[in-house]
Amino acid sequence: MYNHLQRLNAVFTFALTVAFTLAFTVAYTSLWIPNSAQADVTLKAIKVRKGASVYDGYDPQARRAHYASLAFDIEADVASLFHWNAKQVFMMIVAEYTTPTNSVNKVVLWDSIIQSPEDAQFHLKKYRNKYLFRDYDEVFGATEANLTVYWDVTPYIGFLNMDRYAKTSQPILFPRHQPGVNSYSL
Amino acid sequence: MEILQTIRSFSIRQMLLQTLNFMMVLSTAFMFWKGLGLYHNTESPIVVVLSGSMEPAFYKNDILFLANPKTPIDIGEIVVFKVEGKEIPIVHRVLRVHTDAETGSQRFLTKGDNNKVDDRGLYNPGQLWVDRKDVVGRVRGYVSYIGMITIVLNENPQIKYAVLGLMGLMILLSKE
């Protein structure tokens, strides 16, 4: 009645259907899993200096631009973000500020890839920014900013950018620019 | 020569019907692709990851679903962008965003999670930023491994044509 090819076809089709149904279920149900986490960042020190010693081969303004060095404490526990469909959590500390040139500036200062809930606790003291921090303009056009912790969950399968939350924004002050001075702090 | 006999047993009318059927399958797939792209405002709604620069989030052979809504792109989002004059788009994470106060247009600096440095070395000489118009899509969905099929097919054209030919034959020769 049925030949081998037809039987094989039926088995293959059924297997595919089951796999896709399972994948869809996992993807959609993980949208409803509630998630929240604790993350606090406290600024300890900030200093701005002219980048005379900075080497950045791609940035022609590097030697004239002003760079901010920050030291901050990170107290975070994002283990609760790991549910059955969470492969990794990408955590960032972002400086957000407004200047006359740019209405929105968001710059990542530090980031971390977290792959398991065991590695999701942070008690870091006086950590420095991982990436060079300079404004779009040569000199920082802002005197205040916000330090915000962001995270981005990558699933095993399914939707991205659905549970990105900015938490615990902390306002900070930038040292005011003093012309002719190469290094200034608060 | 069973196949030839099967073909000979078809009337012209049946033959044309089968061909039409085959075309339907092809055009349905094509319209699904284009419709998805139109809905999500992107020229390529599904892309395959070709390199390991976003590991451990994305590995080679994973597939990504893209959408490109006009809303502002946020920091930490993973975007697919093209560098002018270069064919292959890049999938990387947004490390810096600056929104022009006058025009409201965004500029980005990107970086691969698995790379030590940001992407300025991948941009054109003298280019410091990725513009909003260079962004082809924003990653919205993720499925691992499936892209392997397209990579194998693209790297071995013989297999691609064999599979296509086989599919065509099966559809042409199947009787309802």
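Residues numbered from 1 in each chain as written. Chains lettered and ligands numbered in written order. Predicted model: local features only at pLDDT ≥ 70, side-chain atom pairs only at ≥ 80, totals over all residues. Heavy atoms only, no water.

- The name given to chain B in an unreviewed UniProt entry is Signal peptidase complex catalytic subunit SEC11, and the organism recorded there is Dimargaris cristalligena.
- As stated in UniProt under Function (unreviewed entry), the record for chain B gives "Catalytic component of the signal peptidase complex (SPC) which catalyzes the cleavage of N-terminal signal sequences from nascent proteins as they are translocated into the lumen of the endoplasmic reticulum. Specifically cleaves N-terminal signal peptides that contain a hydrophobic alpha-helix (h-region) shorter than 18-20 amino acids."
- The heading Catalytic activity (unreviewed entry) in the UniProt record of chain B holds the text "Cleavage of hydrophobic, N-terminal signal or leader sequences from secreted and periplasmic proteins." (UniProt positions renumbered as here; feature names shortened; annotations may be inferred.)

- If you look chain A up in an unreviewed UniProt entry, it shows as Signal peptidase subunit 3 from Dimargaris cristalligena.
- Taken from UniProt, the Sequence similarities (unreviewed entry) comment for chain A reads in full: "Belongs to the SPCS3 family."
- Its UniProt record, at the heading Subcellular location (unreviewed entry), says of chain A: "Endoplasmic reticulum membrane".

### Details of the interface of chain B and chain A
In step 1: Counting residues at the interface gives 30 residues for chain B and 36 residues for chain A.
In step 2: Where chain B abuts chain A, roughly 2800 Å² becomes buried across the two surfaces, and 55% of that area is made up of carbon and sulfur atoms.
In step 3: Counting the contacts that link chain B with chain A gives 2 salt bridges.
In step 4: Aspartate 152 of chain A is the salt-bridge partner of arginine 93 of chain B, the closest N and O atoms lying 2.8 Å from each other. (Contact = heavy atoms within 4.5 Å. Buried area = accessible area lost by both parts, 1.4 Å probe. Salt bridge = Lys/Arg side-chain N within 4 Å of Asp/Glu carboxyl O.)

### Quick word on the domain arrangement of chain B
Accessible area lost on assembly of the parts is the figure often given for the size of an interface.
In step 1: Domain parsing of chain B yields domain 1 (2–39 + 158–173) and domain 2 (46–145).
In step 2: For domain 1 of chain B versus domain 2 of chain B, the separation of C-alpha centres amounts to 37 Å. (Domains from an automatic or database assignment.)

### Brief notes about the pattern of salt bridges
In step 1: Tallied over the entire structure, the rule returns 13 salt bridges over all chains.
In step 2: One salt bridge connects aspartate 74 of chain B with lysine 106 of chain A, and the closest N-O pair in it is separated by 2.8 Å. Here aspartate 74 of chain B is found in the loop between strand E2 (63–67) and strand E3 (78–81), whereas its partner lysine 106 of chain A is found in strand E4 (residues 102–114) on a different chain.
In step 3: On the basis of relative accessibility, which here comes to 15%, the residue lysine 106 of chain A falls in the buried class.
In step 4: A single salt-bridge network, built from bridges that share partners, covers Glu96 and Lys106 of chain A together with Asp74 of chain B. (Helix = DSSP H or I, 4+ residues; strand = E, 2+ residues; numbered from the N terminus. Buried < 20%, exposed > 50% of the residue type's maximum accessible area, 1.4 Å probe, protein only.)

### With respect to the packing of helix H2 (residues 12–39) of chain B against helix H4 (residues 157–173) of chain B
Residues and elements named next belong to chain B.
In step 1: Running from N to C, H2 and H4 cross one another at 135°; their axes reach a closest spacing of 8 Å. Comparing the axis directions of H2 and H4 gives the class oblique. Handedness of the H2/H4 crossing: right-handed. Two secondary-structure elements touch here, H2 through Gln18, Thr19, Phe22 and Val25 and H4 through Gly168, Ile171, Leu172 and Leu173.
In step 2: When grouped by side-chain class, the residues that make up the contact of H2 with H4 number 5 nonpolar, 3 polar and no charged. (Axes fitted to C-alpha atoms, helices over the stretch in contact; angles between N-to-C directions. Parallel < 35°, antiparallel > 145°, perpendicular 65-115°, else oblique. Left-handed = near helix turned anticlockwise from the far one by under 90°. Nonpolar A, V, L, I, M, F, W, Y, C, P; charged D, E, K, R; others polar.)

### Quick notes on the pairing of strand E3 (residues 86–97) of chain A
Residue and element names in this part refer to chain A.
In step 1: When you tally the buried positions in E3, you get 12 out of 12 residues, the bulk of the element.
In step 2: Both E3 and strand E6 (residues 144–155) contribute to a ladder of 10 bridges, which runs antiparallel. What sits directly across from isoleucine 93, in E6, is valine 149.
In step 3: In textbook terms, the turn of a hairpin is the stretch between consecutive antiparallel strands, and for E3 and E4 this stretch comprises 4 residues. (Pairing = 2+ DSSP bridges.)

### Some remarks on the packing of aromatic side chains
In step 1: The full count for this structure, using the stated rule, is 13 aromatic pairs over all chains.
In step 2: Pairing phenylalanine 58 of chain B with tyrosine 142 of chain B gives two aromatic rings, centres 5.2 Å apart and planes at 25°, and the pair type is stacked. Taken as a pair, phenylalanine 58 of chain B in the loop between strand E1 (46–48) and E2 and tyrosine 142 of chain B in strand E7 (residues 135–143) lie far apart in primary sequence, 84 residues in all.
In step 3: For phenylalanine 58 of chain B, a relative accessible area of 0% gives the class buried.
In step 4: Using a relative accessible area of 2% as the deciding quantity, one classes tyrosine 142 of chain B as buried.
In step 5: A network of ring pairs unites the aromatic residues Tyr97, Phe133, Phe140 and Phe174 of chain A as a single cluster. (Phe/Tyr/Trp six-rings, centres within 6.5 Å; stacked < 30°, edge-to-face > 60°.)

### So, unusual backbone geometry
All names here are of chain B.
In step 1: Here glutamate 55 and proline 56 are connected by a cis peptide whose omega angle stands at 0°.
In step 2: Within the secondary structure, proline 56 sits in the loop between E1 and E2.
In step 3: One non-glycine residue, asparagine 61, lies in the positive phi region at around 85°.
In step 4: One can find asparagine 61 in the loop between E1 and E2.

### Topic: a nonpolar patch on the surface
In step 1: On the surface, Phe12, Leu16, Phe20, Phe24, Tyr28, Leu31 and Trp32 of chain A together with Ile146 and Ile149 of chain B cluster together into a nonpolar patch covering about 990 Å² of accessible area.
In step 2: With 5 residues, the single largest contributor to the nonpolar patch is helix H1 (residues 4–29) of chain A.
In step 3: Relative to the helices and strands, isoleucine 146 of chain B is located in the loop between E7 and helix H3 (148–155).
In step 4: A relative accessible area of 38% means that isoleucine 146 of chain B is categorised as partly exposed. (Patch = residues over 30% accessible without salt bridge, like charges linked within 9 Å, V, L, I, M, F, W, Y side chains within 5 Å. Areas by Shrake-Rupley, 256 points an atom, 1.4 Å probe, with all protein chains shown as cover.)

### Considerations on the domain arrangement of chain A
All names here are of chain A.
In step 1: Entries for chain A in the domain assignment read domain 1 (1–30) and domain 2 (38–185).
In step 2: Taken together, the 6 residues of domain 1 in the interface contact 6 residues of domain 2.
In step 3: Buried area between domain 1 and domain 2, summed over both chains or domains, comes out near 500 Å², and the portion from carbon and sulfur atoms is 75%.
In step 4: Counting across the interface, domain 1 meets domain 2 through 1 residue pair in polar contact (both at pLDDT 80 or more).
In step 5: Its residues assigned to classes, the side of domain 1 that touches domain 2 comprises 4 nonpolar, 2 polar and no charged. (Polar contact = N/O pair within 3.5 Å; in protein donor to acceptor, adjacent residues only side chain to side chain.)

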